[in-house]
Every structure is written in structure tokens, then in C-alpha cells.
Amino acid sequence: MDKQALVNWYALYTSPRAEKQVEERLKAKGLTCYLPLHRTPRKWSDRIKIVEVPLFNSYIFVQCEEHVLRELFRVYGVVKAVYHDGKPAVIRPKEIEEIKRFLELAQNHELSVGEEVEILLGDLKNCAGKVKTISKKYIGLYLESLDAMVVVKKDIVAPVNRLIK
């Protein structure tokens, strides 16, 4: 039997907010793993910063043989594997590639005039408006609910029809 045929992708459930540390530990063991990350604005008391966060909270994908998967439960931060019908759920390579493609498309999305966006942070959080002007760092929006034009930083808005929040 071909040894490569036994290697599959599996989903591991991690401790809360431990995905990046688990990824480091798995890579240190020489395993192939994938932690899908997306960029999102986060607000602190003194600043707003764009940070990379996991697309799926508390999940990471690992490629290995099934018997190796059982040993990974000893890795600090790994809680369990995702099971389906009493066996570790196998994630098809096509599904991993689709996640990568989705994230690439989302990352490369450029806003355009006329597009409807939502303000993610600040006093106007959750207000939606239409893009009227675009500069390097700022966007002019018309907020119909307020019948007003506002200018906000580009990094605190996202398309209303976005899939990642």
C-alpha cells in the first residue's frame, strides 16, 4: 500500500486562542499544518491595529497519518481531533485549497466607488454607507441614515456583503 495514500488532512480542536502556538509546536515536530488567518481591525484604548486572527476559532488543520494523529493529543494546546461517524474526520485537499483561495480573494479585494461598506470601529461602528471617494488611506462615505458625508480610514471599513467578520 502506498504510504502517501495514508496521509490525510485532519482538523484539530485547540484550547481557546492557542491556535498559533499549536501551529508552532506541530511544525517543530516536522508536521505539515495549516492555520487559515485573516486580517481584521482590533481596537485598544489608545489605537486601532490590523491583526491576523484565525478564520476558524480554536481549529487548525494538520496533515499526517491517522496513527500519528493520536499522538498529537499530547501536544500542549491540542484538545481533540474532529470526529465524524466515530473516526477522525478527513478533510479533502480540495477543501484546504478552497479555504486558501477564499482567503486570497478576500485579501485582494479592493473597494470601489458605489460599493456599500460598514464601519467596523469608532463612534460610527456598524453604520453602513456608500463609497463616494477613495484615497490612499481614507474613504469618503455617504451615510444615508444620517444624510451625511464622512471620511474614515480605509482599514476600519469592510464590504457589507463580506463573508469574514
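Residues numbered from 1 in each chain as written. Predicted model: local features only at pLDDT ≥ 70, side-chain atom pairs only at ≥ 80, totals over all residues. Heavy atoms only, no water.

A. Just the overall build of the protein, in detail. Summing up its helical and strand segments, the protein has 3 helices and 14 strands in all. Over its C-alpha atoms, taken along the principal directions, the protein stretches across nearly 65 × 35 × 30 Å. Burial statistics for the protein: of 165 residues in total, 37% are counted as buried. Averaging the locations of the 28 positively and 22 negatively charged side chains of the protein gives two centres separated by 4 Å. (Helix = DSSP H or I, 4+ residues; strand = E, 2+ residues; numbered from the N terminus. Buried < 20%, exposed > 50% of the residue type's maximum accessible area, 1.4 Å probe, protein only. Lys, Arg positive; Asp, Glu negative; His and termini not counted. Charge placed at Lys NZ, Arg CZ, Asp CG, Glu CD.)

B. Structural detail: the side chain of Glu65. Considering the arrangement of structural elements, one finds Glu65 in strand β5 (residues 59-65). Judged by its relative accessible area of 15%, Glu65 is buried. A distance of 2.8 Å separates the side chain of Glu65 from the side chain of His67, its partner in a polar contact. (Polar contact = N/O pair within 3.5 Å; in protein donor to acceptor, adjacent residues only side chain to side chain.)

C. Geometry of the packing of aromatic side chains. For the structure shown, the criterion picks out 3 aromatic pairs. Ring plane angle 70° and centroid distance 5.2 Å describe the contact between Tyr13 and Tyr59, whose orientation is recorded as edge-to-face. On the criterion of sequence distance, the pair formed by Tyr13 in strand β1 (residues 7-14) and Tyr59 in strand β5 is long-range, its members being 46 residues apart. Each ring, one from Phe56 and one from Phe61, has its centre 6.1 Å from the other, and the planes form 90°; the classification is edge-to-face. Assessed through its relative accessible area of 7%, Phe61 is described here as buried. Every member of this aromatic cluster is reached through a ring pair, and the members are Tyr34, Phe56 and Phe61. Over the face of the ring belonging to Tyr34 we find Lys100, whose NZ or CZ atom lies 5.0 Å from the ring centre. (Phe/Tyr/Trp six-rings, centres within 6.5 Å; stacked < 30°, edge-to-face > 60°. Lys NZ or Arg CZ within 6 Å of the ring centre and 35° of its normal.)

D. Just the pairing of strand β4 (residues 48-54), in detail. Judged from the 7 bridges that link them, strand β3 (residues 37-43) and β4 form a sheet pairing that is antiparallel. Note that in β4 the partner of Thr40 across the bridge is Val51. Two successive antiparallel strands, β3 and β4, enclose a turn made up of 4 residues. (Pairing = 2+ DSSP bridges.)

E. A look at the state of the cysteines. Taken as a whole and judged by the stated rule, the model has 0 disulfides. Between Cys33, a cysteine without a disulfide, and Cys64, which holds the nearest cysteine sulfur, the sulfur-to-sulfur distance is 10 Å. Residue class for Cys33 comes out buried when judged on its relative accessible area of 11%. (Disulfide = S-S within 2.5 Å.)

In short, the description is geometric, and any link to function would need to be established separately.
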